[in-house]
Each structure stands twice: as C-alpha cells, then as structure tokens.
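# Examining the three-dimensional arrangement
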Amino acid sequence: MANILIVDDSRTSRKILRTMLESAGHNILDEAANGEEGIEKYLDLKPDLTTMDITMPVMDGIEALKQIRMLDNNAKIVMVTAAGQKSKMIEAIKFGAADFITKPFEPDHIISIVNKLTK
Ligand SMILES: [Mg+2]
C-alpha cells in the first residue's frame, strides 16, 4: 500500500485515478488541481508517489516536477501525459520524472507502474 498524491486540473481524471489506485489497495492522501497546489501538498504530506498531470493552469506539471525534485531529490513523480506531448515528456525525463502514464488511462499499466515504484 502506497500513499499517493494526485495532481490534475481535471476533476474527472482525478476521480478515475483515485478509483483505480484505491481499488488496487493504495491510499490517496489528497488531490491538487494545479502545480502550485501540488507543491504545497507534496511538502505537507510527503507522499510515497505523486501522479502529475502536465497541462494545468497556474503552474504546469513540468514546473511543479522541477521544483519538487529540487526540494526532494527522492520524490517519485509519475507524469500524466496526453497524445502529442513528446517534447514535454523529454523535458520531464530531464527533470527526474519516475515514469509516465498516458490518457486515456489503462488500469493495468498504471497499477504496475505504481507497484514497481513503491514496493
Ligand atoms: Mg490537464
């Protein structure tokens, strides 16, 4: 069981991720709707793993990834990407993203990534 923070501006995406992860036995500590809120909640809650959407208002997921990894070099952050975001994915690798999940979400893929990173 891992303690997870979900960062995504889409309420629907957050709900889908929460349902998938909870049904696999994981605990959702909280949700955040943009990068800035994500950083605050990360520092407050110290999750085992964070899912981080890329495209969000206020502060996007790449900037939040960069800042969290500067503050905590061990942060495990899985980026949530959509089709056509290859250059963003390359940037995310550079800033230390642990892995990627793609919308539309595939439960088996997500669960195997989370289990691999938090065992
Ligand atoms: Mg988004």
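Residues numbered from 1 in each chain as written. Predicted model: local features only at pLDDT ≥ 70, side-chain atom pairs only at ≥ 80, totals over all residues.

### Section: the environment of I90
Assignment of secondary structure puts I90 in helix α4 (residues 86-94). Among the residues examined, I90 registers 9 C-beta atoms within 10 Å and is labelled exposed. Between the alpha carbons of I90 and A75 there is a distance of 18 Å; along the sequence they are 15 residues apart. (Helix = DSSP H or I, 4+ residues; strand = E, 2+ residues; numbered from the N terminus. Buried ≥ 20, exposed ≤ 12 C-beta atoms within 10 Å, placed from the backbone.)

### With respect to unusual backbone geometry
In the segment running from K103 into P104, the intervening peptide bond is cis, with an omega of -5°. With respect to the secondary-structure elements, P104 resides in the loop between β5 (99-102) and α5 (107-118). Within the chain, V58 stands out as a residue other than glycine whose phi angle is a positive 70°. Summarising the element assignment, V58 is placed in the loop between β3 (49-53) and α3 (61-71). For V58, a count of 13 C-beta atoms within 10 Å gives the class partly exposed.

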